[in-house]
Amino acid sequence: MLGFATFAFTSLLAIVNPVGAVPLYIAMTGAYDEQHRRATLRRAIITALVMLVAFSTLGTLIMRFFGITTQAFQIAGGIIFFGIGWEMLQAQRSRVKPEEEAETIAKEDVGIVPLGMPLLAGPGSITTVITLNAQASTVLEHAAIYIAIVLVLGITWATLAGAPAVTRRMGSTGMNVLTRIMGLIVMVIGAQFVINGVTIVLKSTFG
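Before going into details, it helps to say that this report is about the structure given with it. (Residues numbered from 1 in each chain as written. Predicted model: local features only at pLDDT ≥ 70, side-chain atom pairs only at ≥ 80, totals over all residues. Heavy atoms only, no water.)

Here we take up the overall build of the protein. The helix and strand tally for the protein stands at nine helices and zero strands. Going residue by residue from the N terminus, the α and β elements of the protein occur as α-α-α-α-α-α-α-α-α. In terms of overall size, the protein behaves like a compact globule, its C-alpha atoms giving a radius of gyration of 17 Å where 207 residues would be expected to give roughly 17 Å. Considered along the principal axes of its C-alpha atoms, the protein spans approximately 60 × 35 × 30 Å. Across the protein, every contact between residues at least 6 apart in sequence was considered, and the portion connecting residues at least 24 apart equals 87%. In the structure as shown, the protein presents an accessible area of about 10500 Å², 69% of it carried by carbon and sulfur atoms. Across the protein, the 13 positively charged side chains and the 10 negatively charged ones have centroids separated by 8 Å. (Helix = DSSP H or I, 4+ residues; strand = E, 2+ residues; numbered from the N terminus. Rg over C-alpha atoms; globule rule 2.2 N^0.38 Å. Contact = heavy atoms within 4.5 Å. Areas by Shrake-Rupley, 256 points an atom, 1.4 Å probe, with all protein chains shown as cover. Lys, Arg positive; Asp, Glu negative; His and termini not counted. Charge placed at Lys NZ, Arg CZ, Asp CG, Glu CD.)

In structure tokens, the structure reads:
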């Protein structure tokens with residue numbers, strides 16, 4: 001139980017990567033006053049929370065509806081993690097396309113899109129919670145996923161709320177280094193997902 005809870009928390013934290021979201025958050029809220037910035041951040045966190053909880057709860061039903069096995073989702077999720085981790089190793093912010101970023105900077109409210117989704121609750125984090133939910137076998141393990149979501153978004157909230165201070169202290173080089181470290185962790189998690197999925201398939205096929 002403790003091992004699963006730790007794995008759920010670390011994998012979700014690595015894929016959300018709060019520090020990596022700092023530059024885009026500052027770019028989109030730089031012209032806001034303090035009250036507007038806090039309200040925007042609150043909407044972003046709530047949006048991400050609703051999305052991740054919804055997909056964690058309904059993920060298994062979605063898989064059953066489309067006839068997708070847990071192993072297939074683990075393998076596909078691992079491959080997606082590899083791609084995201086590779087881009088993070090290059091210190092790239094791939095969750096929001098440049099044209100989407102330019103378009104949304106001018107919007108009055110960017111809290112829901114693109115900050116809440118897909119920056120925080122993007123394909124990677126959604127895949128993570130669905131895969132974790134498919135792997136959970138007890139009520140406590142399912143509960144651990146929801147606790148991990150709340151903890152990670154709480155850390156994200158604190159990180160983005162102090163974004164100007166984080167930027168001054170770490171600088172662009174420091175944030176790029178941390179993003180690369182997170183990218184390596186994401187790739188390792190992806191490899192583990194693929195290994196788990198392939199192992200189960202081979203055992204079921206060859207006994």
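Here we take up the nonpolar core. With 47 residues, the main nonpolar core has Leu12, Ile15, Leu52, Leu115, Leu120 and Ile149 as its most contacted residues. Counting residues per element, the ones that place at least two in this core are α1 (2–16), α2 (22–29), α3 (34–65), α4 (70–89), α6 (111–120), α7 (123–135), α8 (139–161) and α9 (163–206). Residues in contact with Leu12, not counting those within four places in the same chain, are Ser125, Thr128, Val129, Ala148, Ile149 and Val152. (Core = buried A, V, L, I, M, F, W, Y, C linked by side-chain atoms within 4.5 Å. Buried < 20%, exposed > 50% of the residue type's maximum accessible area, 1.4 Å probe, protein only.)

Another aspect to go through is the packing of aromatic side chains. Here the structure, examined in full by the defined rule, presents two aromatic pairs. Measuring from centroid to centroid gives 5.8 Å for Phe7 and Phe193, while their planes differ by 90°, and the two rings are edge-to-face. Separated by 186 residues along the polypeptide, Phe7 in helix α1 and Phe193 in helix α9 bring together distant segments of the chain. Residue Phe7 is classed as partly exposed on the basis of its relative accessible area of 23%. (Phe/Tyr/Trp six-rings, centres within 6.5 Å; stacked < 30°, edge-to-face > 60°.)

The next thing to look at is the pattern of salt bridges. Scanning the model with the defined rule gives two salt bridges in all. Among the ionic pairs, Glu34 bridges to Arg37, the shortest N-O distance being 3.1 Å. Residue Glu34 and its partner Arg37 are located together in helix α3, separated by three residues, close to a single helical turn. Glu34 is the salt-bridge partner of Arg38, the closest N and O atoms lying 3.2 Å from each other. Of this pair, Arg38 and Glu34 both sit in helix α3, separated by four residues, roughly a single helical turn. Residue classification places Arg38 among the exposed residues on the basis of a relative accessible area of 55%. (Salt bridge = Lys/Arg side-chain N within 4 Å of Asp/Glu carboxyl O.)

What follows is about the environment of Leu89. Structurally, Leu89 can be placed in helix α4. Separated by 90 residues in sequence, Leu89 and Thr179 place their C-alpha atoms 6.9 Å apart.

Across the chain, the bulk of peptide bonds are trans and the bulk of non-glycine residues have phi less than zero. With an omega of 10°, the peptide bond running from Val113 to Pro114 counts as cis. Residue position: Pro114 is located in helix α6. Here the bond from Met117 into Pro118 is cis, since omega is 15°, no more than 30 degrees from zero. Tracing the backbone through its elements, the reader meets Pro118 in helix α6. Even without being glycine, Asn17 reaches a positive phi, approximately 50°. Assignment of secondary structure puts Asn17 in the loop between α1 and α2.

Shape descriptors only; they carry no functional weight alone.
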